[in-house]
Amino acid sequence: MDRRQRKTRTAIFKAFSDLLSKKSFDQITVGEIIELSDVGRSTFYSHFETKDFLLKELCEELFCHIFDSVCQNNEQHEHIFKCDNSGSVFLHLLQHLQKNDNNILELLSCRNNELFLRYFKTNLRKMVISQLPLFEKRKSDILPEDFWIDHIASVFTDTVRWWIDNGMKVSPETLTEYFYLAV
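We now turn to the structure provided with this report. (Residues numbered from 1 in each chain as written. Predicted model: local features only at pLDDT ≥ 70, side-chain atom pairs only at ≥ 80, totals over all residues. Heavy atoms only, no water.)

Considerations on unusual backbone geometry
Keep in mind that most residues, glycine aside, have a negative phi and that most peptide bonds are trans. Cut-off, in case you're wondering: Here a helix means four or more residues in a row that DSSP labels H or I, a strand means two or more in a row labelled E, and each is numbered from the N terminus.
A positive phi angle is found at D38, which is not glycine, with a value near 60°. If you trace the backbone, D38 turns up in the loop between helix 2 (30-37) and helix 3 (41-47). With phi around 50°, M168 is a residue other than glycine that occupies positive phi space. Mapped onto the secondary structure, M168 falls in the loop between helix 8 (145-165) and helix 9 (172-182).

Structure (structure tokens):
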């Protein structure tokens, strides 16, 4: 992707994120995204087939950012996000949620969040697989590994939902401890 394409995608992501901070996903139109990002309709559609594909790409950017840092063991990394990676990958993800990078909390809490949650959980499973040694002592020998991975991902997803539903009153560090204790 060349510089101009990256700049266009960034503008569309930013416009989409700005709109998500003001209204729910299902109320946002492609026309509003185009107007706010100052790109043409054909330009938008050359990057994203639909608003759902835009959501998918935004989710993938978030997850790519986090998973690249895990796989490459980077201290600093950047996609559409920039941060210093510190602590566990679960803590890192919670810190992004707390910062509400690209209004990701609106995606988690909007009425049509099933698409986002499916991407979230799919990528979370990949992250869990890379972190399985953290949970080995707690795994029963009779549990199939795919069940165990799904269980850990589900516990983390429910932990995040609880956190958001309760106003994110505890720190990401404390929530990470809760998650480790609950698995």
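So, the packing of aromatic side chains
What counts, and what does not: Each pair of aromatic rings taken from Phe, Tyr and Trp, with Trp reduced to its six-membered ring, is defined by centres within 6.5 Å and is described as stacked if the planes are under 30 degrees apart, edge-to-face if over 60, and tilted in the remaining cases. A simple rule labels every residue: compare its accessible area, found with a 1.4 Å probe on the protein chains alone, to the largest value its type can have, and call it buried under 20%, exposed over 50%, or partly exposed in between.
Using the criterion set out here, one finds 13 aromatic pairs in the structure. Look at F16 and F25: their rings are 6.1 Å apart centre to centre, the planes differ by 75°, and that puts the pair in the edge-to-face class. Judged by its relative accessible area of 0%, F16 is buried. Exposure remark for F25: the relative accessible area of 5% places this residue in the buried category. A ring pair is formed by F179 and Y180, whose centres lie 5.5 Å apart and whose planes are at 45°; its orientation type is tilted. A residue is classified by how much of its surface remains accessible, and Y180, at 21% relative accessible area, is partly exposed.

Here we look at the nonpolar core
It is characteristic of soluble globular proteins that their nonpolar side chains tend to be buried jointly. Inclusion rule: Here, nonpolar core means buried Ala, Val, Leu, Ile, Met, Phe, Trp, Tyr and Cys residues that are tied together by side-chain atoms lying within 4.5 Å of each other. Throughout, a residue-residue contact means that at least one pair of heavy atoms, one from each residue, lies within 4.5 Å.
Membership of the largest hydrophobic core comes to 44 residues, with the highest contact counts inside it found for F16, F44, F90 and F156. For this core, the elements supplying multiple residues, two or more each, are helix 1 (3-20), helix 2, helix 4 (51-72), helix 5 (89-99), helix 7 (114-130), helix 8 and helix 9. Residue contributions to this core peak at 8 residues, all from helix 8. F16 has contacts with F25, I28, I33, K51, L54, L55 and L58, leaving out every residue within four places of it along the chain.

Some words on the pattern of salt bridges
This is how it is decided: Here, a salt bridge means any side-chain nitrogen of Lys or Arg that lies within 4 Å of a carboxyl oxygen of Asp or Glu.
Inspection of every chain in the model, using the stated rule, returns 5 salt bridges. One salt bridge in this structure joins R9 and E57, with 3.1 Å as the shortest N-O distance. In this pair, R9 is assigned in helix 1 and E57 in helix 4, connecting sequence segments 48 residues apart. On the basis of relative accessible area, E57 is assigned to the partly exposed category, the value being 22%. Put simply, E32 and K23 hold a salt bridge, and the shortest N to O gap is 2.5 Å. On the accessibility criterion, E32 (24% relative accessible area) is partly exposed.

Comments concerning the packing of helix 1 against helix 2
What counts here: To define axes, lines are fitted to C-alpha atoms, for helices over the stretch in contact only, and angles between the resulting N-to-C directions are given on a 0 to 180 degree scale. Each angle is binned into one of four classes, with values under 35 degrees roughly parallel, values over 145 roughly antiparallel, values of 65 to 115 roughly perpendicular, and all other values oblique. Two helices cross in a left-handed way if the nearer one is turned anticlockwise from the farther one by less than a right angle. They cross in a right-handed way if the turn is clockwise. In this classification, the charged set is Asp, Glu, Lys and Arg, the nonpolar set is Ala, Val, Leu, Ile, Met, Phe, Trp, Tyr, Cys and Pro, and all remaining amino acids, among them Gly, are polar.
Look at helix 1 against helix 2: their axes get within 8 Å of each other, and the N-to-C directions meet at 120°. Between helix 1 and helix 2, the crossing angle belongs to the class labelled oblique. Every pair of crossing elements has a handedness; the one defined by helix 1 and helix 2 is right-handed. Along the contact surface, helix 1 presents A11, I12, A15, F16, D18 and L19, while helix 2 presents E32, I33, L36 and S37. Looking at side-chain class alone, the contact of helix 1 with helix 2 contains 7 nonpolar, 1 polar and 2 charged residues.

Some thoughts on the packing of helix 5 against helix 8
Running from N to C, helix 5 and helix 8 cross one another at 30°; their axes reach a closest spacing of 12 Å. Our classification of the angle between helix 5 and helix 8 gives roughly parallel. Of the two possible hands of crossing, helix 5 and helix 8 adopt the one that is right-handed. Where helix 5 approaches helix 8, its residues F90, L93, L94, L97 and Q98 are matched on the opposing element by F156, V160 and W163. When grouped by side-chain class, the residues that make up the contact of helix 5 with helix 8 number 7 nonpolar, 1 polar and no charged.

Notes on helix 1
The following threshold applies: Given a helix with a known number of residues, its expected span is that number minus one, times 1.5 Å. We call two N or O atoms a polar contact when they sit within 3.5 Å, provided that within protein one can donate a hydrogen and the other can accept it, with sequence-adjacent residues counted only if both atoms are side-chain atoms.
Spanning 18 residues, helix 1 covers 25 Å between terminal C-alpha atoms, matching the ideal 26 Å at 1.5 Å per step. If you check which residues of helix 1 are buried, you get T8, R9, I12, F13, A15, F16, S17, L19 and L20. The residue sitting at the N-terminus of helix 1 and contributing the capping side-chain oxygen is D2; that oxygen lies 3.1 Å from the backbone nitrogen of R4.

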